[in-house]
Structure formats: C-alpha cells, structure tokens
Amino acid sequence: KGQSRPLPHVKVKTTHLRNCPVLTEVNYSSEVLNGLASLSYTASLSRTDDIVRGIYNVEYKILKDMKFDRLVLFQVGADSYNYTDEKEFAVGHGPALIKKWTSSPGGNQYKSSAIKLDQQHPWIAMYKAAPQKSGAGASRGIIIRSWEAQSQGKKISPWARERSVDLGRRKVSITDITLKPEIKELKAGDTKKSEKTFLFKSISIGL
C-alpha cells in the first residue's frame, strides 16, 4: 500500500460575493486531485464588538469511488496551523453537555474516541486556553446548525474527535469533524434531492 499521503486540491477558485462591513461572503471552490471529489466552501464573518463569529457552508460532491485512511470534513485549528492551546474540550447539543475532558496535546494522532453528533445543534467547545507572551489565547467552539448527508442511500451523521498535533516545538490539540471511523470508502453516485452526486449537501457551522 505504501505510505499514506494527503490529496491536494486543484482548480481552486475564489469568488468574493460580498465585501460588506456587516457580513462578508467569500466562496472557495476546488477539486480533489484526480477528480475524486469537488468542494464548495463559503465563509462569512459578521461585524461584532464582542467575539468573532464565522459562518461556514460546505458542500462536497463525490465524483469517483474513493478509499481513504483519514477523512476530515472540517477542522478547528489545522494539522499545520494552530496558535492556541486549549486545555479542556467539551461536546454537547443545545443546552446539554455530553462529555468533557482534558486535552492531550502532541503526537499527530487521535487522542479521544469519536463522538457521534446526531442531536439537534451539536457543538464542540475548546477552552481554558494557555496564556501567550503576545496576542490573545483564544477559546474556540463551533455549532453545527444544519447537516444533510447521505451515503449509499442511508443518512449519516457527523462525528467529532480530538486530534493532537506537533507544530515544531509546539504541541497542541485541534478538533476534527469526521464521519464514523469505520467508514473508509465513499462511492460515486451518493444522491440527494437534487439527484446529483452530493455526499454532503449542507454543513453550516458557526457560532
């Protein structure tokens, strides 16, 4: 099989829909190398005087059968970019807390078990950020406001996991939004109401 490697995005296009002072809107579209899938990603930031709020709408189309070792749909932080160091994680939905735990930074691996996000308005919080010498040590979180996903005729839910990464001398933890860990293959032709090859028609994530 050889060593696993990330599949890069190609044919990347950026479209500025609104450069407004109240709510911006920019769309990024791309394809996964070899035409396996396409991605449409719309990001918005709202004007605020308290905390930063982002709204993200993500749409994936599976164009060819594809197998993978790791599939990440959305990240809070990234494998190669993360400047905060939250000490505590929590997962819940609406006003309910499902689970909380202390982060385990470093190691480039999943440290927490996967948690199914199948209730209305599930959320993930990362808090108790370590102080920094310069800049703010932010606490972060996301709320999945809507989710439509289907694979091989069956509806599927998002899952959340703590991912621990090494960034030079910094050891941190991030959050991955994934599918059920046992899913290692996606098929072309997974359909939605539009009868196109949508796998995830709408993932709207924001605060």
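Please refer to the structure higher up on the page.
What counts as what
- Residues numbered from 1 in each chain as written.
- Predicted model: local features only at pLDDT ≥ 70, side-chain atom pairs only at ≥ 80, totals over all residues.
- Heavy atoms only, no water.
- Helix = DSSP H or I, 4+ residues; strand = E, 2+ residues; numbered from the N terminus.
- Buried < 20%, exposed > 50% of the residue type's maximum accessible area, 1.4 Å probe, protein only.
- Contact = heavy atoms within 4.5 Å.
- Polar contact = N/O pair within 3.5 Å; in protein donor to acceptor, adjacent residues only side chain to side chain.
- Salt bridge = Lys/Arg side-chain N within 4 Å of Asp/Glu carboxyl O.
- Core = buried A, V, L, I, M, F, W, Y, C linked by side-chain atoms within 4.5 Å.

Q: Let's hear about the overall build of the protein: which residues, and what values?
A: Looking only at helices and strands, the protein has zero helices and 17 strands in total. For the protein, the proportion of its 207 residues judged to be buried stands at 38%. For the protein, the proportion of contacts with a sequence separation of at least 24, taken over those separated by at least 6, is 61%.

Q: Got a sec to walk through the side chain of Glu86? Specific residues and values, please.
A: For Glu86, the position within the fold is in strand β7 (residues 86–93). Among the polar contacts listed, one links the side chain of Glu86 to the side chain of Arg140, at a separation of 2.8 Å. Leave out the neighbours within four places in its chain, and Glu86 touches Ser103, Met126, Tyr127, Lys128, Ala129, Ala138, Ser139, Arg140 and Ser173.

Q: Talk me through the pattern of salt bridges; I want residue IDs and the actual numbers.
A: Under the criterion given, the structure shown has 10 salt bridges. In the salt-bridge network here, residues are joined through shared partners; they are Asp65, Glu185 and Lys187.

Q: Any details on the environment of Leu71? Residues and values, ideally.
A: Along the chain, Leu71 falls in the loop between β5 (66–67) and β6 (74–76). In this structure Leu71 comes out as partly exposed when scored by relative accessible area, which is 22%. Sequence separation of Leu71 and Lys184 is 113 residues, and the distance between their C-alpha atoms is 8.2 Å. The contacts of Leu71, once residues within four sequence positions are left out, are Thr178, Leu179 and Leu186.

Q: Go over the nonpolar core with me, naming the residues and quoting the values.
A: One recurring pattern in soluble globular proteins is that nonpolar side chains are buried together. In terms of nonpolar packing, the biggest core is built from 28 residues, with Met66, Leu117, Ile124 and Ile177 touching the most fellow members. Breaking this core down by element, the ones donating at least two residues are β3 (37–45), β4 (54–62), β6, β7, β11 (122–129) and β12 (140–151). Considering each element in turn, this core owes the most residues, four residues, to β12. Discounting chain neighbours no more than four positions away, the residues touching Met66 are Leu36, Ala37, Lys184, Glu185 and Leu186.

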